[in-house]
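# Tertiary structure, described
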Amino acid sequence: MLVLAGIVVLHITTIILLLVATIDNAWWVTETAYTDLWGRWELINLNWHYEELKKYTEVQSDFLQSVQATSVLACVFTILALFVFLAQLFTLPKGQRFIFTGILQLIACLCIMTAASIYTAQLHTTDKKGGYGHSYILAWISFVLTLFLTITYIVLRKRSE
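What comes next is a walk through the structure. The structure displayed is predicted, hence computed values, not measured ones.

### Overview of the sheet that holds strand β4 (residues 47-51)
One open sheet holds the five strands; their spatial order is β4-β3-β2-β1-β5, and the pairing between them is antiparallel. Looking at the sheet topology across the chains shown, the edges are occupied by β4 and β5 (131-132). Looking at chain direction, strand β1 (residues 28-29) and β5 are connected through two bridges and run antiparallel. Along β5, the bridge assignment pairs Val29 with Gly131.

Here it is as structure tokens:
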């Protein structure tokens with residue numbers, strides 16, 4: 001029972017980290033600007049001003065949309081996996097539990113890995129100022145946690161048989 005409670009807590013933690021990574025404004029950070037997946041915050045005269053992401057080429061905009069889509073999908077699949085986990089826990093017999101939950105977690109894991117990889121390889125590659133912010137780091141931490149949860153669900157399924 002304690003293992004299942006730990007899994008639920010870890011799952012909720014992963015959901016929170018994914019949501020923060022997707023929503024927060026710190027994927028790319030400079031001294032005067034914070035860039036996220038949706039816009040850019042610019043420090044002008046000690047005030048923060050929001051502006052649309054304009055500096056990307058058409059190809060980079062396509063990559064950015066891919067990052068946005070896969071980040072949102074990772075959040076959706078992780079939240080859905082939690083509900084499926086709770087439903088499977090009480091409805092399916094041992095040995096059949098957690099298969100679908102593990103698949104959903106694997107898809108979420110691949111989505112967030114894809115988002116962070118595309119962001120790394122295609123965006124801000126020529127920027128000399130700035131660096132990756134905490135949202136970007138949280139995305140990679142979320143990838144590790146979702147991968148760990150996927151492996152945990154597979155092990156729990158095998159252990160239950």
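### Details of the environment of Leu17
Tracing the chain through its elements places Leu17 in helix α1 (residues 2-23). Sequence-wise, Leu17 and Cys75 are 58 residues apart; in three dimensions their C-alpha atoms are separated by 9.4 Å. Those residues in contact with Leu17, other than ones at most four positions away along the chain, are Leu138, Ile141, Ser142 and Leu145.

### Considering the packing of helix α2 (residues 58-91) against helix α3 (residues 99-122)
Here α2 crosses α3 at 160°, and the two axes come no closer than 8 Å. Between α2 and α3, the crossing angle belongs to the class labelled roughly antiparallel. The chirality of how α2 crosses α3 is left-handed.

### Digging into the environment of Thr78
Looking at the element boundaries, Thr78 is found in helix α2. Once the C-alpha coordinates of Thr78 and Ile107 are considered, the two residues, 29 residues apart in sequence, prove to be 8.6 Å apart. A polar side-chain atom of Thr78 sits 2.7 Å from the main-chain carbonyl oxygen of Ala74.

The rules behind each value
Residues numbered from 1 in each chain as written. Predicted model: local features only at pLDDT ≥ 70, side-chain atom pairs only at ≥ 80, totals over all residues. Heavy atoms only, no water. Pairing = 2+ DSSP bridges. Helix = DSSP H or I, 4+ residues; strand = E, 2+ residues; numbered from the N terminus. Contact = heavy atoms within 4.5 Å. Axes fitted to C-alpha atoms, helices over the stretch in contact; angles between N-to-C directions. Parallel < 35°, antiparallel > 145°, perpendicular 65-115°, else oblique. Left-handed = near helix turned anticlockwise from the far one by under 90°. Polar contact = N/O pair within 3.5 Å; in protein donor to acceptor, adjacent residues only side chain to side chain.

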